[in-house]
Amino acid sequence: QVQLVESGGGLVQAGGSLGLSCVISGGTFTRYSRYVLGWFRQAPGKEREFVAAISWIGGNTYYADSVKGRFAISRDNAKNTVYLQMNSLKPEETGVYYCAGRWGMRPQGSYDNWGQGTQVTVSS
């Protein structure tokens, strides 16, 4: 089993920045696992959408077009942690941000593990 725990959400004004963290644990997960970590968000009344992802091996990154140039995803293998740095935040990006993981090397497909989410509120 793999467990994911997000943290770092909070309240920020439009144009501000916020950093999120996701800690990965579980006996089947190692530094060499073929695993992809993704960030998703769900705004009030909207469906969940993909934000960014990173492969644990190789560190290949993927971004939704809406966040390119503003968000940055990264990982720290030694700490079993993935990060999402969010800059120039917009009010419409308010929502619950989830860390998710899937076995494999690409971000496409169903995700096997999900965190509980962390609330991000961007005020106007």
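Basis of the calculations
Residues numbered from 1 in each chain as written. Predicted model: local features only at pLDDT ≥ 70, side-chain atom pairs only at ≥ 80, totals over all residues. Heavy atoms only, no water. Core = buried A, V, L, I, M, F, W, Y, C linked by side-chain atoms within 4.5 Å. Buried < 20%, exposed > 50% of the residue type's maximum accessible area, 1.4 Å probe, protein only. Helix = DSSP H or I, 4+ residues; strand = E, 2+ residues; numbered from the N terminus. Disulfide = S-S within 2.5 Å.

J.: Even after reading the chapter, I still don't get the nonpolar core, so can you show me in this structure?
T.: A general tendency of soluble globular proteins is for nonpolar side chains to be buried together. Among the nonpolar cores identified, the biggest contains 27 residues, and L37, W39, V82, L84 and M86 are the most heavily contacted of them. Elements with a minimum of two residues in this core: strand 3 (18-25), strand 4 (35-42), strand 5 (49-55), strand 7 (71-76), strand 8 (81-86), strand 9 (95-103) and strand 11 (118-123). Here the element with the most residues in this core is strand 3; it accounts for 4 residues. V36, F40, A53 and A100 belong to the second-largest nonpolar core, a separate cluster that totals 5 residues.

J.: What should I look at first to understand the state of the cysteines in this one?
T.: One covalent bond between the sulfur atoms of two cysteine residues makes up a disulfide. Within the structure shown, the criterion is met by 1 disulfide. Across the disulfide, C22 is cross-linked to C99 (sulfur-sulfur distance 2.1 Å). The sign of the -80° torsion about the S-S bond sets the C22-C99 disulfide as left-handed. Residue C22 is found in strand 3, and its partner C99 is found in strand 9; the two are separated by 77 residues along the sequence. Note on accessibility: C22 and C99 belong to one class, buried.

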